[in-house]
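Residue-level listing of the chains:
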Amino acid sequence: MNVSWTVVGFDSAWTDRAKAPGAVCAIRCNHKVQLSSSEPELATFDQAFDFIAAEHSQCDVCVVALDQPTIVPNLGGMRPVDKVAASLISWLGGGVQPANRSKKGMFDDAAPIWRFKQRLKATDDAEVARSADSGLFLIEVFPALALPSLEAAYFGRLVAPRYNPANRKRFRMPDWIGITTMIHRHAEVLGLTSLATWAHNASLNATPKKSDQDKLDAVICALVGQSWRAKPRTETIMVGDLQSGYMIAPASPDVRTHLRNAAAIYNVPIDGCAVLSP
């Protein structure tokens, strides 16, 4: 195959509604370590499955970076990993939606995420996904957790960007421009010309819609997956485990310190190891 590995960023929107789909985006690496990408496109769970299957057929390793909890054993409350993520994201000024099996349409037994996982037949082991020579992998990511490492300006008390156009009261156009510009910068550094062009055009969109934000989040998911697969392990972090749920994110030194401190409080492993209280 010409493609060594592909990361598919998938913002699923958690539920499966044809009128409100999520979005997918791919970043590919050939055997000469040259990167390429697709522009993000809207997709339901079924359409995302077809997109992933097509990408997987052309590469040795395919990693699906999904913006939705993929391991949810708890009947109520928050998963341990959600508590750790919330400690940082709340400090930044955002919020974390609890994932539990009581949420109808999202995580109950009939939720689309479980049908998607059963059909996909991907491996959940994120550490193996980093170095595998072949296979299909599914990892959980969270754009809000990635942003303060992708852009240093988003790390600080109550500085979380408000870029969801569906929330008109909180949406801020400068934040939309800031994140799309950040994506453009990362895409240019990686040599992802088509993605850089898309991000530039998105930054000029004076009236973004929720579907535009879904595409933007799919791109962020793909960038997180690319970091996990290609960058040094010290630049990324795994919070949680395969039993109770986990998240993968890029991790600046400040972000890593904040997450490690919270992980010690909630007894949540970081990078597969228990964290001692400071």
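Residues numbered from 1 in each chain as written. Predicted model: local features only at pLDDT ≥ 70, side-chain atom pairs only at ≥ 80, totals over all residues. Heavy atoms only, no water.

## With respect to the packing of aromatic side chains
Right, so step 1: The tally for this structure, following the rule as stated, stands at five aromatic pairs.
Right, so step 2: Aromatic side chains Trp-91 and Phe-155 sit 5.0 Å apart centroid to centroid with 55 degrees between the ring planes, which places their arrangement in the tilted category. In this pair, Trp-91 sits in helix α2 (residues 80–92) while Phe-155 sits in the loop between α5 (143–150) and α6 (173–190), placing the two residues 64 residues apart along the sequence.
Right, so step 3: Assessed through its relative accessible area of 26%, Trp-91 is described here as partly exposed.
Right, so step 4: Here the aromatic residues Phe-10, Phe-45 and Phe-116 are joined through ring pairs into a cluster of three or more.
Right, so step 5: Note that Arg-119 overlies the ring of Phe-49, its terminal NZ or CZ placed 3.8 Å from the centroid.
Right, so step 6: Lying over the aromatic face of Trp-228, Arg-130 brings its terminal NZ or CZ to 5.4 Å of the ring centre. (Phe/Tyr/Trp six-rings, centres within 6.5 Å; stacked < 30°, edge-to-face > 60°. Helix = DSSP H or I, 4+ residues; strand = E, 2+ residues; numbered from the N terminus. Buried < 20%, exposed > 50% of the residue type's maximum accessible area, 1.4 Å probe, protein only. Lys NZ or Arg CZ within 6 Å of the ring centre and 35° of its normal.)

## What to know about the layout of surface pockets
Right, so step 1: Considering only enclosed or pocket space, the largest pocket measures out at about 1000 Å³ in volume.
Right, so step 2: In terms of lining residues, the largest pocket is bounded by 40 residues, among which Gly-95, Phe-142, Asn-164, Gln-213 and Asp-217 are the most central.
Right, so step 3: Elements that contribute at least two residues to the lining of the largest pocket include exactly α2, α5 and α8 (210–230).
Right, so step 4: Residue classes in the lining of the largest pocket are distributed as 21 nonpolar, eight polar and eleven charged. (1 Å grid on protein atoms, 1.4 Å probe; cavity = no way out; pocket = protein on both sides within 12 Å on 5 of 7 lines; lining within 4 Å. Points joined across faces, edges and corners; volume = space filled by probe spheres on them. Nonpolar A, V, L, I, M, F, W, Y, C, P; charged D, E, K, R; others polar.)

## Quick look at the packing of α2 against helix α9 (residues 253–266)
Two packed helices can be described by the angle between their axes and the distance between those axes.
Right, so step 1: Their axes nearest at 8 Å, the elements α2 and α9 cross at an angle of 135 degrees. If you check the angle between α2 and α9, you find them oblique. The two elements α2 and α9 meet at a crossing, and its hand is right-handed. Here Lys-83, Val-84, Ser-87, Leu-88 and Trp-91 of α2 come into contact with α9, specifically with Val-255, His-258, Leu-259, Ala-262, Ala-263 and Tyr-266.
Right, so step 2: Class assignment of the residues belonging to the contact of α2 with α9 gives a composition of eight nonpolar, two polar and one charged. (Axes fitted to C-alpha atoms, helices over the stretch in contact; angles between N-to-C directions. Parallel < 35°, antiparallel > 145°, perpendicular 65-115°, else oblique. Left-handed = near helix turned anticlockwise from the far one by under 90°. Contact = heavy atoms within 4.5 Å.)

## Details of the pattern of salt bridges
Right, so step 1: What the rule picks out here adds up to twelve salt bridges.
Right, so step 2: In this structure, the salt-bridge partner of Asp-109 is Arg-101, at a minimum N-O distance of 2.7 Å.
Right, so step 3: For Arg-101, a relative accessible area of 26% corresponds to the partly exposed category.
Right, so step 4: Here Arg-185 ties to Glu-151 by a salt bridge, and the two come within 3.2 Å at their closest N and O atoms. Taken together, the residues span a long stretch of sequence, with Arg-185 in helix α6 and Glu-151 in the loop between α5 and α6 at a distance of 34 residues.
Right, so step 5: Overall, Glu-151 belongs to the buried group, its relative accessible area being 18%.
Right, so step 6: Residues participating in the shared-partner salt-bridge network are Glu-127, Arg-233, Arg-256 and Asp-271. (Salt bridge = Lys/Arg side-chain N within 4 Å of Asp/Glu carboxyl O.)

## Examining the pairing of strand β6 (residues 135–140)
Right, so step 1: Of all six residues in β6, five are buried, a share of seventy percent or more.
Right, so step 2: Direction of pairing for strand β5 (residues 59–66) relative to β6: parallel, over a ladder of six bridges. Bridge pairing links Cys-62 to Leu-136 in β6. (Pairing = 2+ DSSP bridges.)

## Digging into the nonpolar core
Right, so step 1: In this structure, Ile-139, Ile-179, Ile-183, Ile-220 and Ile-248 are the most contacted members of the largest nonpolar core, which totals 44 residues.
Right, so step 2: Sorting elements by how many residues they give to this core places α8 first, with nine residues.
Right, so step 3: Membership of the second largest hydrophobic core comes to 27 residues, among which are Phe-10, Phe-49, Cys-59 and Leu-120. (Core = buried A, V, L, I, M, F, W, Y, C linked by side-chain atoms within 4.5 Å.)

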